[in-house]
Amino acid sequence: MATDVTGPAVAPASAPPVEPVDESQWGRVTTPRTLLSRALSVPLALGFTLFLPFLVAVQTGAGARDAAFHLQLLLTMYAGARLSAMVLTSRRKLLQGSFWLFVYMAMGVAPLAQAVLGQVPTPVVGPRSDLTLAIGLVLLGCLAFDVGVLLARHRPAGRAGGSQKEPRPVMAHRRRLQLLTGLAFLGSAAFIVKLGGPAVFFSSRQEIIAGIEEAGVSNGDGQAGQALLRGFGTVPALLALLLYTRWLITSKFARRKVSVIVTWAGLAALNLVVNNPISNPRYWFLTVMFALLFTVFPVSAAMYRVALSMAVVIALLVFPFADRFRYDEKNYKPVETTSVLEPMALKDYDQIGMFANTITFSDSGPGHFYGRQLAGSIFFAVPRSVWPGKPRDTGVMVGQWMGTVNTNLSSPIWAELWLDFGPLGMGAGLMGIGYAAARVDRRYARRATRRSPPGSLISVVVPLVAGYSFILLRGPLLQASGRVAIAALCLALVATYRTDRHTTLR
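Counting starts from 1 at the beginning of each chain's written sequence and moves along it residue by residue. At least 70 in pLDDT is required for a residue's local features to be given in this predicted model, at least 80 for side-chain atom pairs to be given and counted, and no such filter applies to totals for whole chains, interfaces and linings, which use all residues. With hydrogens and water stripped out, all remaining heavy atoms of the structure feed into the side-chain values.

(A) Examining the environment of Leu50 more closely. Following the sequence through the fold, Leu50 ends up in helix H1 (residues 32–57). The class of Leu50 is partly exposed, set by a relative accessible area of 41%. C-alpha separation for the pair Leu50 and Tyr78, spaced 28 residues apart in sequence, amounts to 9.7 Å. By definition, any uninterrupted DSSP run of H or I lasting at least four residues is a helix, any uninterrupted run of E lasting at least two residues is a strand, and each is numbered from the N terminus. Only protein chains enter the accessibility calculation, which uses a 1.4 Å probe; a residue whose area is less than 20% of its type maximum is buried, one above 50% is exposed, and one in between is partly exposed.

Set out below in structure tokens:
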């Protein structure tokens, strides 16, 4: 059975035996390299918390400097401080780091730039008080997330002292992984053939959508067929690639097996077609890159810090211009700006505004839905012909109420929870998310070590969830639930508790 590394580095032979450390001390061994990394991170952390927010805030613009503006500045600074804590931590916290990275870029700096300029990518149709309330609720949700993280530190009596056995690790079954690989090739091949061949995947997302409509799997309001086709065409291929990548990185046996190398190369080529940045939304490609990065570098604290730090720069400066392949040559219109803040005000980051619009929509008559939207996300695969009253995407529903032409609008998790369960339910939901993220991060830090076995599923699943969390946090949940369900099915297929040499990767 594999052995988890749960303590500090092994002491020299001349030193006395090292006593087991408390769980809170795992991964906190300080080395000169760690100290240097922290020293270099401090200026960047100060930049996240103070310099960048105030640099944006002091710019000239037509925006009102009212309560909403100052509350947005406070939210940005709080998110910057928490993201800085993620960068400076001695342990890799992928799920918490992803959460604060999203909040900082999509709910903090970008909306602050919009507040300064007085421009938004999506109209805010309600009164200014609804926008102020939305910002306050986002901040409340962030505080609830942190409360959940604090609660996760308190473990049941007996567990912290190690008197109870740790649960057995979930491993990837070697034969079932081969089956998953076969399903990945079949699913992606069906996706490619259905859309007319590989060439369309290197044209534009507009061509992909047109191909799906011509294939007859997306008609009217029913999106279940499209979600299943896209999901089975992309998710099994990515998950199989991640598992084979980890196997090659952690196992000399795998690197000597020609069949493993050839399979990995075939999966890499397959993902280059179905999961490339040209034919996929930017948030999905961000998921692919995050998952691959932390699968290839599972224990590198430096890579973790660089990834979080550079992601802020990419998200705020590159991401707004990265929709070059959304449209074909005829319909593409390049962004022309005179200010570095304008791309953040004109592109993508509509989460705060859409939360405010959701509040206005609710106040206009529908009220709260008490779980109806969440039920639609859970049962996304049920066709509307069977469930005529199936809820629409929250972003689509609010967009149609607003009368916008483009209803492909975001609905952040704060808005989803608030619309279904009100402010108390939203706070409780985000507290639960924070609790779960902290518990999973702790287990990941213990299991994702150099001595963990090649088939350790948690070493692949957590990076994948960390990347996909950007899509889940952005919403709508109904739109994001298809790939989640398919990934869960794929993981259930390969998962096993057996650790004998005939079943696990070695």
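From this point on, the discussion continues.
(B) Looking closely at the nonpolar core. To form a nonpolar core, buried Ala, Val, Leu, Ile, Met, Phe, Trp, Tyr and Cys residues must be joined to one another through side-chain atoms within 4.5 Å. Trp100, Phe102, Phe201, Leu243, Phe355 and Trp414 are the most contacted members of the largest nonpolar core, which has 124 residues in total. Residues are treated as being in contact if the distance between any of their heavy atoms lies within 4.5 Å. Not counting residues within four places of it along the chain, the set of residues in contact with Leu243 comprises Ala172, Leu177, Leu180, Leu457, Val460 and Val494.

(C) Expanded view of a nonpolar patch on the surface. Nonpolar side chains (Val, Leu, Ile, Met, Phe, Trp, Tyr) within 5 Å and like charges within 9 Å form the patches, drawn only from residues with over 30% relative accessible area and no salt bridge. The method behind every accessible area is Shrake-Rupley, applied with a 1.4 Å probe, and residues are considered shielded solely by the protein chains displayed. Each reported salt bridge corresponds to a side-chain nitrogen of Lys or Arg within 4 Å of a carboxyl oxygen of Asp or Glu. A grouping of Val306, Met310, Val313, Ile314 and Leu317 is seen on the molecular surface, where their side chains present a nonpolar patch of about 420 Å² in accessible area. One can find Met310 in helix H11 (residues 301–318).

(D) Quick look at the packing of aromatic side chains. For Phe, Tyr and Trp, where Trp contributes only its six-membered ring, two rings pair if their centres lie within 6.5 Å, and the inter-plane angle classes them as stacked under 30 degrees, edge-to-face over 60, or tilted in between. Applying the stated criterion across every chain, the model contains 15 aromatic pairs. With 5.6 Å between their ring centres and 50° between their planes, Phe48 and Tyr104 make a pair best called tilted. One end of the pair, Phe48, is in helix H1; the other, Tyr104, is in helix H3 (residues 94–117), and 56 residues separate them in sequence. By relative accessible area, which is 5% here, Phe48 ends up buried. With 5.9 Å between their ring centres and 80° between their planes, Trp284 and Tyr468 make a pair best called edge-to-face.

(E) Highlighting the pattern of salt bridges. Counted by the stated rule, this structure contains two salt bridges. In this structure, the salt-bridge partner of Arg128 is Asp66, at a minimum N-O distance of 2.8 Å. With Arg128 in helix H4 (residues 128–151) and Asp66 in the loop between H1 and helix H2 (67–88), this pair connects stretches of sequence that are 62 residues apart. A salt bridge links Arg82 to Asp146, with the nearest nitrogen and oxygen atoms 3.0 Å apart. On the criterion of sequence distance, the pair formed by Arg82 in helix H2 and Asp146 in helix H4 is long-range, its members being 64 residues apart. You'll find Arg82 and Asp146 in the same group, each marked buried.

(F) Here's a closer look at H3. What a helix should span is 1.5 Å times the count of its residues minus one. An ideal rise of 1.5 Å per residue puts 34 Å on 24 residues; H3 measures up with 33 Å between its terminal C-alpha atoms. Consider a residue and the seven residues that end there alongside the seven that start there; fitting an axis to each set, the bend is the angle between those axes. Of all the bends in H3, the greatest measures close to 35° and is centred on Tyr104. Within H3, 24 of the 24 residues are buried, which leaves it mostly tucked inside the rest of the structure. Phi turns positive one or two residues past the end of H3, at Gly118, with a value near 75°.

(G) Layout of the side chain of Arg483. In this structure, Arg483 sits in helix H18 (residues 477–494). Despite its burial, Arg483 pairs with no opposite charge; the closest candidate is Asp393, at 12 Å N-O. Discounting chain neighbours no more than four positions away, the residues touching Arg483 are Arg230, Gly231, Thr234, Val235, Asn280, Trp284 and Tyr468. The charged-residue count follows a simple rule in which Lys and Arg add positive charge and Asp and Glu add negative charge, with His and chain termini not counted at all.

(H) Structural detail: unusual backbone geometry. Looking along the chain, the bond that leaves Gly475 and enters Pro476 is cis, with omega of 0°. If you trace the backbone, Pro476 turns up in the loop between helix H17 (458–474) and H18. The backbone of Tyr370 shows a phi angle near 55°, a positive value even though the residue is not glycine. For Tyr370, the location among the structural elements is in the loop between helix H13 (351–363) and helix H14 (372–378).

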